[in-house]
Amino acid sequence: MQLHDLMPAPGSTKPRKRVGRGHGSGHGGRSGRGQDGQGSRAGGTKGPGFEGGQLPLYQRLPKLGGFVSHNRVEYAVVNVARLDALFSDGDLVCPEALEKAGAVKSAYKLPIKILADGELSKKLTVKVEKVSGAARAKIEAAGGTVE
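Quantities reported herein were computed from a predicted structural model and do not represent experimental measurements.

A. Region of the structure containing the pairing of strand β1 (residues 76–79). Residues of β1 alternate between two faces, with A76 and V78 buried on one and V77 and N79 left unburied on the opposite face. When β1 meets strand β3 (residues 112–115), the two strands line up parallel, connected through four bridges. Within β3, the residue paired with N79 across the bridge is L115.

Below, the structure is given as structure tokens:
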């Protein structure tokens, strides 16, 4: 087979409909657009969101959702179970120590908050920006302190 032998399958292609080229062509007169009305006009279609004059869906839905506080503080969270795994008895837990241990990416990018998921069996001294009430109770129950 050569390149000049390639042809489309029989019946798969049709000649282009040439409208508006006289009555003899079969597509003269009104060029297949019918008698009158919106469809017969140039540019006579409504946009993709048009619903016959009914208020379109994209206008019925609310523009913006919810509320975002501009004063929201994002925290890097660390659970007490992670502190139990990373630190030994009597250690000081501060942002620099947490960064060195790999619990947070950066000690200075986000303030750190300790949460109460898991158990703590070691006596630790915790010096971070924020500690949840339940986490504070677990740290103090294990004999540690929160500053």
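B. Summary view of the pattern of salt bridges. Tallying each qualifying case throughout the model produces five salt bridges. Across the pair K138 and E119 runs a salt bridge, and its minimum N-O distance is 3.9 Å. One end of the pair, K138, is in helix α4 (residues 133–141); the other, E119, is in the loop between β3 and β4 (125–126), and 19 residues separate them in sequence. Residue classification places K138 among the partly exposed positions, given a relative accessible area of 25%.

C. Local environment of the sheet that holds strand β2 (residues 92–93). Ordered by their spatial adjacency, three strands build an open sheet running β2-β4-β6, and the pairing between neighbours is parallel. The two strands at the open ends of the sheet, each matched to only one other strand, are β2 and β6 (145–146).

D. Looking closely at the nonpolar core. Counting residues in each nonpolar core, the largest one holds 22 residues, and the members touching the most others are L98 and I114. Broken down by secondary-structure element, the contributors of at least two residues to this core are β1, α2 (80–86), α3 (95–101), β3 and α4. The residues contacting I114, other than those within four sequence positions of it, are V78, V80, L83, V126, V128, K130, V131, S132, A135 and I139.

E. Expanded view of the pairing of β3. Of the two faces of β3, the one lined by I112 and I114 is fully buried and the one lined by K113 and L115 carries no buried residue. Examined bridge by bridge, β3 and strand β5 (residues 130–131) share two bridges and lie parallel to one another. Bridge pairing in β5 places I114 opposite V131.

F. Quick peek at the sheet that holds β5. Spatially, β1-β3-β5 is the arrangement adopted by the three strands of the open sheet, whose pairing is parallel. Of all strands in the sheet, those bounded by a partner on one side alone are β1 and β5.

G. Region of the structure containing the side chain of S40. With respect to the secondary-structure elements, S40 resides in the segment before α1 (57–60). Here G37 takes part through its backbone oxygen, which lies 2.7 Å from a polar atom of the side chain of S40.

H. Expanded view of a nonpolar patch on the surface. Taken together, the side chains of M1, L3 and L6 define a hydrophobic patch exposed on the protein surface, amounting to about 440 Å² of accessible area. Turning to its location among the elements, L3 is positioned in the segment before α1.

I. How the structure looks around the packing of aromatic side chains. Under the counting rule described, the total for this entry stands at zero aromatic pairs. Seen from the ring of F50, K46 lies directly overhead, with NZ or CZ sitting 5.6 Å from the centre.

Conventions adopted
Residues numbered from 1 in each chain as written. Predicted model: local features only at pLDDT ≥ 70, side-chain atom pairs only at ≥ 80, totals over all residues. Heavy atoms only, no water. Buried < 20%, exposed > 50% of the residue type's maximum accessible area, 1.4 Å probe, protein only. Helix = DSSP H or I, 4+ residues; strand = E, 2+ residues; numbered from the N terminus. Pairing = 2+ DSSP bridges. Salt bridge = Lys/Arg side-chain N within 4 Å of Asp/Glu carboxyl O. Core = buried A, V, L, I, M, F, W, Y, C linked by side-chain atoms within 4.5 Å. Contact = heavy atoms within 4.5 Å. Polar contact = N/O pair within 3.5 Å; in protein donor to acceptor, adjacent residues only side chain to side chain. Patch = residues over 30% accessible without salt bridge, like charges linked within 9 Å, V, L, I, M, F, W, Y side chains within 5 Å. Areas by Shrake-Rupley, 256 points an atom, 1.4 Å probe, with all protein chains shown as cover. Phe/Tyr/Trp six-rings, centres within 6.5 Å; stacked < 30°, edge-to-face > 60°. Lys NZ or Arg CZ within 6 Å of the ring centre and 35° of its normal.

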